[in-house]
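Given next are the chains, with one letter for each unit.
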Amino acid sequence: MLAVRLHAPRDLRLSEEPDPVPRAGESLVRIDAMGICGSDLHWFLEGGIGPIQLARPIVPGHELGGTIAAGPRRGERGGHRARAAVRAMSIPAWRAG
Ligand SMILES: [Zn+2]
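So, here's what we can say about the structure. (Residues numbered from 1 in each chain as written. Predicted model: local features only at pLDDT ≥ 70, side-chain atom pairs only at ≥ 80, totals over all residues. Heavy atoms only, no water.)

Details of the pairing of strand β1 (residues 2-8)
It is a general feature of regular strands that their side chains alternate between the two faces of the sheet. The condition that has to hold: Only strands that DSSP links by at least two bridges are regarded as paired with each other. Helix and strand definitions follow DSSP, with helices as H or I runs of at least four residues and strands as E runs of at least two, each counted in order from the N terminus.
Direction of pairing for β1 relative to strand β2 (residues 11-16): antiparallel, over a ladder of six bridges. Paired with R5 across the two strands is R13, which belongs to β2. Taking the residues between adjacent antiparallel strands as the criterion, β1 and β2 are bridged by two residues, where R10 takes a positive phi near 60°.

Below you can see the structure in the form of structure tokens.
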């Protein structure tokens with residue numbers, strides 16, 4: 001899968017990463033859309049928010065909607081509350097293509 005990671009302020013990189021595998025009790029969510037909020041702008045411009053700063057490259061974004069692609073709830077659509085299941089697979093809608 002393609003993922004966008006923030007490596008440093010104003011340093012977003014698109015790269016190929018292994019497909020995530022959901023653990024017991026998790027579902028895999030295919031991201032259909034993602035918004036950009038003020039928090040994302042702080043991360044992009046400043047590398048964090050106040051005392052919370054980048055310690056390693058992160059996949060930014062937390063306001064999303066998607067379809068559960070694997071797991072017991074496959075086919076359901078969800079939004080913001082699905083974020084625990086997308087810990088490694090966020091693909092922001094603003095990526096090229
Ligand atoms: Zn937000």
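Focus: the coordination of the zinc ion
What counts is decided by this rule: Distances up to 2.8 Å from the metal define which N, O and S atoms are donors, and 3.2 Å serves for Na, K and Ca; water is absent from the atom set, so sites may look incomplete. For each residue, the accessible area found with a 1.4 Å probe, counting protein chains only, is set against the maximum for its type, and the residue is called buried under 20%, exposed over 50%, and partly exposed in between.
In this structure, C37 (SG), H62 (NE2) and E63 (OE) serve as the protein donors to the zinc ion, at separations of 2.0 to 2.3 Å. Spacing between the donor residues of the zinc ion along their common chain follows C-x24-H-E. The exposure class of H62 is partly exposed, given its relative accessible area of 22%. Since its relative accessible area comes to 34%, E63 is described here as partly exposed.

As for the nonpolar core
Our working definition: We call a set of buried Ala, Val, Leu, Ile, Met, Phe, Trp, Tyr and Cys residues a nonpolar core when their side-chain atoms join them within 4.5 Å.
By size, the foremost hydrophobic cluster in this structure holds five residues: V29, I31, M34, L64 and I68. Those elements giving two or more residues to this core turn out to be β3 (28-34) and β6 (64-70). Looking at which element gives the most residues to this core, the answer is β3, with three residues.

What about the pattern of salt bridges?
Put simply, the test is: Any carboxyl oxygen of Asp or Glu that lies within 4 Å of a side-chain nitrogen of Lys or Arg is treated as forming a salt bridge with it.
For the coordinates displayed, the defined rule picks out four salt bridges. A salt bridge links E17 to R5; the nearest nitrogen and oxygen atoms lie 2.6 Å apart. Within this pair, whereas E17 is found in the loop between β2 and β3, its partner R5 is found in strand β1, the two being separated by 12 residues in sequence. Judged by relative accessible area, which is 17%, E17 ranks as buried. Between D11 and R13 there is a salt bridge, with its nearest N and O atoms 2.8 Å apart. Classification of R13 by relative accessible area gives partly exposed; the value is 42%.

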